[in-house]
Amino acid sequence: MSIKAAPQAEYLKDYQAPNYRIDHVDLCFELAPLNTTVSATMKVVRTVNSDCELVLDGIDLTLISLHVDGQVHEHYALTDEHLIIRQLPEKFTLQIVNQIAPQTNTSLEGLYLSGGAYCTQCEAQGFRKITYYLDRPDVLASFDVTIIAEQTLPHLLSNGNQIDVGKLDGGRHFVKWQDPFKKPSYLFALVAGDFDVLTDSYMTQSGREVELALFVDKGNLAKTPHAMSSLKKAMQWDEQRFNLEYDLDIYMIVAVDFFNMGAMENKGLNIFNSKCVLANQETATDKDYHTIESIVGHEYFHNWTGNRVTCRDWFQLSLKEGLTVFRDQEFSSDLGSRALNRIDAVKVMRSHQFSEDAGPMAHPIRPEKVIEMNNFYTVTVYDKGAEVIRMMHTLLGEEKFQQGMALYFQRHDGQAVTCDDFVAAMSDASGIDLTQFKRWYSQAGTPKLEVRQDYDQDAQTFTLAVEQFAPENQPDNDLLHIPFAIELLDKSGASIALRSQQQAVDSVLNITAKTHRFVFENITQQPVAVLLEDFSAPCIVVQQSSVTELLHIMRYARSDFSRWDAQQRLFIAAVKQSMTEPTVQEARLDEQIINALDALITAPEGDLALIAELLKLPSFDSLAAEYVVIPVDDIITITARFEQQIAQQLKPALLTCYNSLVDDGSTRADAVAVRALKQVCLHYLAKVDCAVVTDILINAAKSENMTNVLAALSAVVKANHPQSEPLLSAFDANWRHDVLVMDKWFALQAMRDSETSITDIEALYQHPSFDFGNPNRVRALVGSFSHFNTAQFHRLDGQGYRLLGDLLVKLNAINPQNASRMITPFMAWRRYDKVRSKAMQAQLQRLAKLDGLSDDLFEKVEKALHA
Ligand code: TRP
Ligand code: ZN
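The following paragraphs examine the structure supplied in this document. Source: prediction; values computed, not measured.

Thresholds, definitions, all that
Residues numbered from 1 in each chain as written. Chains lettered and ligands numbered in written order. Predicted model: local features only at pLDDT ≥ 70, side-chain atom pairs only at ≥ 80, totals over all residues. Heavy atoms only, no water. Helix = DSSP H or I, 4+ residues; strand = E, 2+ residues; numbered from the N terminus. Rg over C-alpha atoms; globule rule 2.2 N^0.38 Å. Buried < 20%, exposed > 50% of the residue type's maximum accessible area, 1.4 Å probe, protein only. Contact = heavy atoms within 4.5 Å. Areas by Shrake-Rupley, 256 points an atom, 1.4 Å probe, with all protein chains shown as cover. Lys, Arg positive; Asp, Glu negative; His and termini not counted. Charge placed at Lys NZ, Arg CZ, Asp CG, Glu CD. Axes fitted to C-alpha atoms, helices over the stretch in contact; angles between N-to-C directions. Left-handed = near helix turned anticlockwise from the far one by under 90°. Pairing = 2+ DSSP bridges. Donors = N, O, S within 2.8 Å, 3.2 Å for Na, K, Ca; no water. Tetrahedral: all angles 85-135°; square planar, octahedral: opposite > 155°, others 65-115°. Expected span 1.5 Å × (residues − 1). Near = heavy atom within 4 Å. Polar contact = N/O pair within 3.5 Å; in protein donor to acceptor, adjacent residues only side chain to side chain. Nonpolar A, V, L, I, M, F, W, Y, C, P; charged D, E, K, R; others polar. Core = buried A, V, L, I, M, F, W, Y, C linked by side-chain atoms within 4.5 Å.

A word on the overall build of the protein chain
Right, so step 1: Of the regular secondary structure elements, the protein chain holds 27 helices and 33 strands.
Right, so step 2: Taken against the 2.2 N^0.38 rule, which gives 29 Å for 867 residues, the C-alpha radius of gyration of the protein chain at 28 Å falls within 12% of a compact globule.
Right, so step 3: Summarising its shape, the C-alpha atoms of the protein chain cover approximately 90 × 65 × 60 Å along the three principal directions.
Right, so step 4: A total of 867 residues make up the protein chain; the buried ones form 59% of that total.
Right, so step 5: Pairs at least 24 residues apart make up 71% of the contacts formed inside the protein chain by residues separated by at least 6 positions.
Right, so step 6: Roughly 34300 Å² of accessible area belongs to the protein chain as shown, and the carbon and sulfur atoms make up 49% of that amount.
Right, so step 7: The average position of the 79 basic charges and that of the 113 acidic charges among the side chains of the protein chain differ by 2 Å.

Concerning the packing of helix 9 (residues 560–580) against helix 10 (residues 591–601)
Right, so step 1: Look at helix 9 against helix 10: their axes get within 12 Å of each other, and the N-to-C directions meet at 145°. Between helix 9 and helix 10 the crossing geometry is left-handed. Counted together, Gln567, Leu570 and Phe571 of helix 9 and Ile593, Leu597 and Leu600 of helix 10 form the full contact between these two elements.

Structural notes on the sheet that holds strand 19 (residues 250–256)
Right, so step 1: With mixed pairing, the five strands of this open sheet are ordered in space as 17-18-19-21-20. At either end of the open sheet lies a strand with only one pairing partner, and these are strand 17 (195–203) and strand 20 (263–264).
Right, so step 2: Across the sheet, helix 1 (residues 225–242) is in contact with strand 17, strand 18 (209–217) and strand 19; its angle to strand 17 comes to roughly 25°.

Considering the coordination of the zinc ion (ligand 2)
Right, so step 1: Those donors, His298 (NE2), His302 (NE2), Glu321 (OE) and Glu321 (OE), are the protein atoms that reach the zinc ion (ligand 2), and they lie 1.9 to 2.7 Å from it.
Right, so step 2: Relative to the metal, the six donor atoms surrounding the zinc ion (ligand 2) lie at angles of 47 to 161°, and the coordination shape comes out irregular.
Right, so step 3: Counting the intervening residues between successive donors of the zinc ion (ligand 2) yields the motif H-x3-H-x18-E. Each member of the pair, His298 together with His302, is buried.

What to know about helix 23 (residues 799–814)
Right, so step 1: For helix 23, spanning 16 residues, the distance from its first C-alpha to its last is 23 Å, which sits close to the expected 22 Å at 1.5 Å a residue.
Right, so step 2: Residues of helix 23 that are buried: Gly800, Tyr801, Leu803, Leu804, Gly805, Leu807, Leu808, Leu811 and Asn812.

A word on the pairing of strand 5 (residues 62–68)
Right, so step 1: Strand direction decides the pairing type here: strand 5 and strand 9 (residues 91–100), joined by six bridges, are antiparallel. Pairing of Val68 across the sheet is with Leu94, part of strand 9.
Right, so step 2: Judged from the two bridges that link them, strand 5 and strand 6 (residues 71–72) form a sheet pairing that is antiparallel. For His67, the partnering residue across the bridge sits in strand 6 and is Val72.
Right, so step 3: Where strand 5 folds back onto strand 6 in an antiparallel hairpin, the turn is made up of two residues, including Asp69, whose phi is positive at roughly 50°.

Re unusual backbone geometry
Right, so step 1: Note the cis peptide between Glu123 and Ala124, where omega equals 0°.
Right, so step 2: In this fold, Ala124 is placed in the loop between strand 11 (117–121) and strand 12 (141–150).
Right, so step 3: Here the phi dihedral of Leu108 falls at roughly 60°; this positive angle occurs in a residue that is not glycine.
Right, so step 4: Position of Leu108 among the secondary structure elements: in the loop between strand 9 and strand 10 (110–114).
Right, so step 5: Classification of Leu108 as buried rests on a relative accessible area of 3%.
Right, so step 6: Even without glycine at this site, Gln502 takes up a positive phi of about 60°.
Right, so step 7: Following the sequence through the fold, Gln502 ends up in the loop between strand 28 (499–500) and strand 29 (503–504).

Digging into the site of ligand 1
Right, so step 1: Residues in contact with ligand 1 amount to 16 residues; listed here are only the nearest, Glu123, Ala263, Glu265, Glu299 and Tyr382.
Right, so step 2: For ligand 1, a nitrogen atom lies 3.5 Å from a polar atom in the side chain of Lys320.
Right, so step 3: In this structure, an oxygen atom belonging to ligand 1 sits 2.5 Å away from a side-chain N or O atom of Tyr382.
Right, so step 4: If ligand 1 stood free it would expose 370 Å²; the protein chains cover 97% of that surface.
Right, so step 5: Of all the elements in the fold, those that place two or more residues in the shell around ligand 1 are strand 20, helix 2 (286–301) and helix 3 (317–335).
Right, so step 6: Grouping the constituent residues of the shell around ligand 1 by class yields six nonpolar, five polar and five charged.

As for the nonpolar core
Right, so step 1: Counting 291 residues, the largest nonpolar core has Leu94 and Phe422 as the members making the most contacts within it.
Right, so step 2: For this core, the element with the most residues is helix 5 (residues 379–412), which contributes 14 residues.
Right, so step 3: Non-local contacts of Phe422, meaning those with residues more than four positions away in its chain, are made with Leu319, Leu323, Ile389, Met392, Met405, Tyr408 and Tyr441.

A short note on the sheet that holds strand 11
Right, so step 1: Pairing is antiparallel in the open sheet, where four strands are placed in the order 10-11-16-13. Strands at the two margins of the open sheet, each flanked by one partner only, are strand 10 and strand 13 (155–158). Averaged over all pairs of adjacent strands, the angle between strand axes in this sheet comes to 20°, irrespective of strand direction.
Right, so step 2: Sheet topology places strand 13 next to strand 16 (residues 190–193); four bridges connect them, and they run antiparallel. Residue pairing in the sheet places Leu156 in a bridge with Ala192 of strand 16.

Below, the structure written as structure tokens:
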């Protein structure tokens, strides 16, 4: 019996260029569930002067044969993860034949079966589960791919253009593909299956016609138009805003049910999680529509930021992901509401990224040490990475930023490069020095800004004293360059022009030193300061503001984002205040706040979706972020009290508001906003028991619009309303045939706060729609439980943690990537009270002792317990 060696970490500082190149590869697949044969013919060239071994990556492969320049080659050695070939000429043709078993591959990485279809997932290091290769992003090759399969799988797809097709004996057929663009192995894709296809076309700005094709499971064609129109919008937007055009003659998207993430940008052949493609009004919510548009955009934008210019090594992941998230956020903001998109992005930062950055998995957006690369597709690399790009955009302005992008492509098209290369292009094109700014790439943690304000009536000056602090968990960090945007409001709510030393000054202040004093002149009255306007940097701002000041900002700030931000701070301050009082059972919101909410819903006007956001309390996670030791029970009690108070005091206004809003059932932004506001009204109304409300809930649940149905169902579930039981079982009966809709049902079940939650969820493991092998199902049921059913997950008897622990043990053997994402709630175990943290720690220790613990979980468990 062999004992698996302890997983080895890799370090950014150890990067070495490869000693061989692979310029071209010919792949041939003969597909079969248990023994697919892969034949690879590679043109290999040594890139160093002296003779050396060629070390190819390969995992779970059966080697059949190996030829060098047509001759059987016997100078090689095989290990668990490598094929080491010796005695090689400087330049040669390497032929390798190996076998794999897609059917037994439940990791959803490499080549696997999803439903009846073959598909691949190669990012980050999945190609090595397909054939022996230099599986690293700085090895760029052109690919020719031949796929041979039964004719019962009519669609045989790979990257690039189809160049040959034909029938073979034994009921088989083949298709040959050629991708003219050199690419790293992680962008390779293959799909074979029987699909319905939606086709369309797009005319590029230079007049080239591109064929578009969307492949989905049979019977799903009616759910494809939204994804297709999103794709065309993305293609057009990238031409208009970034002057970037598509480069192949065909763009394909395939939707599969079994997928670890949202989607994957394989060149010319994106593979999507079906939940990020399929939508119609009966089955998908407005939020689903928005997610689909943004992910379709995201993958499309990778064609330039990721594919044409790719990463030198995986430590540079944010080069493509931070930049592409920034691009998809801008896409959504240009097409929809900029404020709403900003609010969504900042919620992710404050509730997830800040906690990652404060915990044992804290890492810079360009990590320096990695055991399992799949563990670094994080909110830090993606979302904080996008914030770092956004700060550069703020510092340079749109015009210079675009000049930087143009220079980046001019210098690096067709190359595998680093984050330093990107920043160099930005600073060279703009003339702006980004030397200090670059520390954002190498420093983990969330910096803090302490701000003191002083108004001098006699001198008519207003002074902001700003001091920056390193994060508590990263005390040695150097000073950062922080773009700090502000607005000063006068008593009437108008914006005050900023002047300093008799000159107009920009509203974005540059924080570069430890302390700054900004003195503004000609300030004739005490202003109200809006700080970190639009969340201009991923920082925590510490300041003293009164309820009156925050209400003033909420009413008048020019940035709708900052209006929402002020409202959040009002709620957060109220929660904190209540916690200091003798009994949290009597927590009450200030009447001023209740009145402000009342004003928002009485004859609501303007952006109704924004009003909806202004009415919502901060999430449990956002409130938890305010504490070193999370006061679980108090947060639950106080927020429940506040919601009950809002519901009771504003009941008439909420009812009037709900009834006055007319939903025309369309997908237009104004109709989406109407539904969003109605949904918040329902959320509160469900908390007051009365016949009128019950009728409304039952009616909404019967609607043919999923947004409205789910609004009613989630309202009853969260209010523990007597209608929960009947409405949920009706939904189950209605939708059993549609697994994606059933995910919504699983999520609702998981969020029910009941004494029997644990056994209820365990019983649902037996539900005919549930499947441990499908990440969507697991996340819907157990993910919703561990993230949103706070009371039951954090039960003092530890049963919630035990349930998650059991699941992780099971998933470790089926799908380590999914297990590793599901462990997140345990990572913060040190931030809970003694009883809870001990119980979570026990689950982590149980995992640490597990036989066959995957590298994915090993890395996180190790860090959680010992970092
Ligand atoms: N590059 C993909 C994206 O962000 C991410 C991705 C898709 C991925 N599937 C994956 C990353 C599997 C790791 C493993 O668009
Ligand atoms: Zn991406």
